[in-house]
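# Structural overview for review
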Amino acid sequence: MQHPENDAKYTGLKVNAGVTSSPSVNPYRKVVRKKRILTPGEYVEGILKGDVSLLGRAVTLIESTADEHQAVAQEVIEKCLPYSGNSRRIGITGVPGAGKSTSIDVFGTHVVKQGHKLAVLAIDPSSERTNGSILGDKTRMEKLSLEKDAFIRPSPSSGSLGGVARKTRETIVLCEAAGYDRIFVETVGVGQSETAVHSMVDFFLLIQLAGTGDELQGIKRGIMEMADGIAINKCDGDNIQRCQIAAQQFRTALMLFPPTPSKWVPEVVTYSGYYEIDIDKVWDMIDRYFDYVTANGYFERKRNEQARYWMTETIEEQLRARFYHTPGIRELLEQKELRVLNNEQSSFIAANDVLDYYFKSIKSL
């Protein structure tokens, strides 16, 4: 083969080496290694040691809807149960804008400074249209998020309050096993979320506002009867007098209610979360409550009642899930719905037909 570069007329020329070809793999690209799948025993060992990373991963398993994740999560919860129960569980609720996240930030910092380990479980409302959620509680809790003894876990409600309530209760078990002796549960602040959170906490704090022109809106039997204490926020500057008037209105309203099961008389205090004024007054009230219910035995009774309640709730949830996952049920429901809408069958007969089909299906298994 003839090579032109070897011709005599090119003798004075020098052939340089070519440019090295670029690597096929981008050297600047960060290689993401897949996390190793852990056993339930490894999760439990890490949680008991206070490993925040493993605790977070275990909570993610609890929140997952995948069957394989739920199987691991339930085993982890079962093994952590003997190490749980040694905390004060405090539910915090209030209308949007009452300053719940700001208050939790300063309350939590106050608790951590006292030498406690705090877990904050915040239920973040999800969009009804997109199921999206901001999960911005860590952003709003600037001081608390910097504390090494604080664990903040926002969870999306995802439109299923019952499911989130159950998962929150299970998360409480893991946090207690990890050594967190103070648990805050922040509610969505709307609908039935207060009832769900009330069923899993020891103390229920209602945060209210004054000077909005709508103080009496807060005096409603449902939420007021659940509250163990009322804290009126934003009591600073020109709003101090209005807060004191509102506090007296709430105290008067509470006198009209029947005695609480614990026999504790709910207290009303004022504070300012933004300016961190009288934060200790709120916490002193909570301490007095725990001293009172521990002394008269109500604390233990309430924990036992909550355990029974959640067992019953779990049974109902599992029955509902198994019913709708039974082969043929959804198709039969569509047929029956059509007949009901066409006035060919009553709702009650249609429901009984579907239930009969379900019971026959599980008998044949």
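This report concerns the structure included in the present document. (Residues numbered from 1 in each chain as written. Predicted model: local features only at pLDDT ≥ 70, side-chain atom pairs only at ≥ 80, totals over all residues. Heavy atoms only, no water.)

## Comments concerning the environment of Pro266
Put simply, the rule is: Secondary structure elements follow DSSP: runs of H or I no shorter than four residues count as helices, runs of E no shorter than two count as strands, and numbering proceeds from the N terminus. Any residue under 20% of the maximum accessible area for its type is buried, any over 50% is exposed, and the rest in between are partly exposed; the area is computed with a 1.4 Å probe on protein chains only. What makes two residues a contact is simply this: any of their non-hydrogen atoms within 4.5 Å.
Of note, Pro266 is situated in the loop between helix H9 (240-255) and strand S7 (267-270). For Pro266, a relative accessible area of 15% translates into the label buried. Each C-alpha atom, one on Pro266 and one on Arg251, is 8.5 Å from the other, the two residues being 15 residues apart in sequence. Once residues within four sequence positions are removed from consideration, Pro266 is found in contact with Ala227, Asp228, Gly229, Leu254 and Thr260.

## What about unusual backbone geometry?
Although it is not a glycine, Lys234 adopts a positive phi angle of roughly 65°. Tracing the chain through its elements places Lys234 in the loop between strand S6 (229-233) and H9. For Lys234, a relative accessible area of 37% gives the class partly exposed. Its identity as a non-glycine residue notwithstanding, Asp278 has a phi of 60°, on the positive side. The residue Asp278 is located in the loop between S7 and helix H10 (279-295) in this model. Under the relative-accessibility criterion, Asp278 is labelled partly exposed at 30%.

## As for the side chain of Thr270
For Thr270, the position within the fold is in strand S7. Not counting residues up to four positions away in its chain, the partners in contact with Thr270 are Ile232, Cys235, Cys243, Ala247, Asp278 and Lys281.

## Considerations on the nonpolar core
Cut-off, in case you're wondering: In this description, a nonpolar core means a group of buried Ala, Val, Leu, Ile, Met, Phe, Trp, Tyr and Cys residues linked to one another through side-chain atoms lying within 4.5 Å.
The biggest cluster of nonpolar side chains holds 51 residues, and the ones touching the most others in it are Leu174, Met224, Ile230 and Ile232. If sequence neighbours within four positions are ignored, Ile232 has contacts with Gln208, Leu209, Ala210, Cys243, Ala246, Ala247, Phe250, Val268, Val269, Thr270 and Tyr271. Ranked by size, the runner-up nonpolar core spans 33 residues in total, among them Ile152, Leu205, Trp283 and Tyr298.

## Describing the pattern of salt bridges
Just so we agree on the cut-off: For this analysis, a salt bridge means a side-chain nitrogen from Lys or Arg found within 4 Å of a carboxyl oxygen belonging to Asp or Glu.
Per the counting criterion, the structure on display carries 14 salt bridges. Between Lys49 and Glu45 there is a salt bridge whose closest N-O contact spans 3.2 Å. For the salt bridge of Asp278 with Lys281, the shortest nitrogen-to-oxygen distance reads 3.5 Å.

## Considerations on the packing of aromatic side chains
Rules: We call Phe, Tyr and Trp rings a pair once their centres come within 6.5 Å, taking the six-membered ring for Trp, and we label the pair stacked below 30 degrees between planes, edge-to-face above 60, and tilted otherwise. Our definition puts a charge over a ring when NZ of Lys or CZ of Arg is within 6 Å of the ring centre and also within 35 degrees of the ring normal.
According to the stated counting rule, one finds 13 aromatic pairs in the structure shown. Pairing Phe107 with Tyr271 gives two aromatic rings, centres 5.4 Å apart and planes at 45°, and the pair type is tilted. One end of the pair, Phe107, is in helix H4 (residues 100-113); the other, Tyr271, is in the loop between S7 and H10, with 164 residues separating them in the sequence. Taken individually, Phe107 and Tyr271 each receive the classification buried, so the pair is uniform in this respect. In this structure, Lys117 packs its charged tip against the face of Tyr180, placed 4.5 Å from the ring centre.

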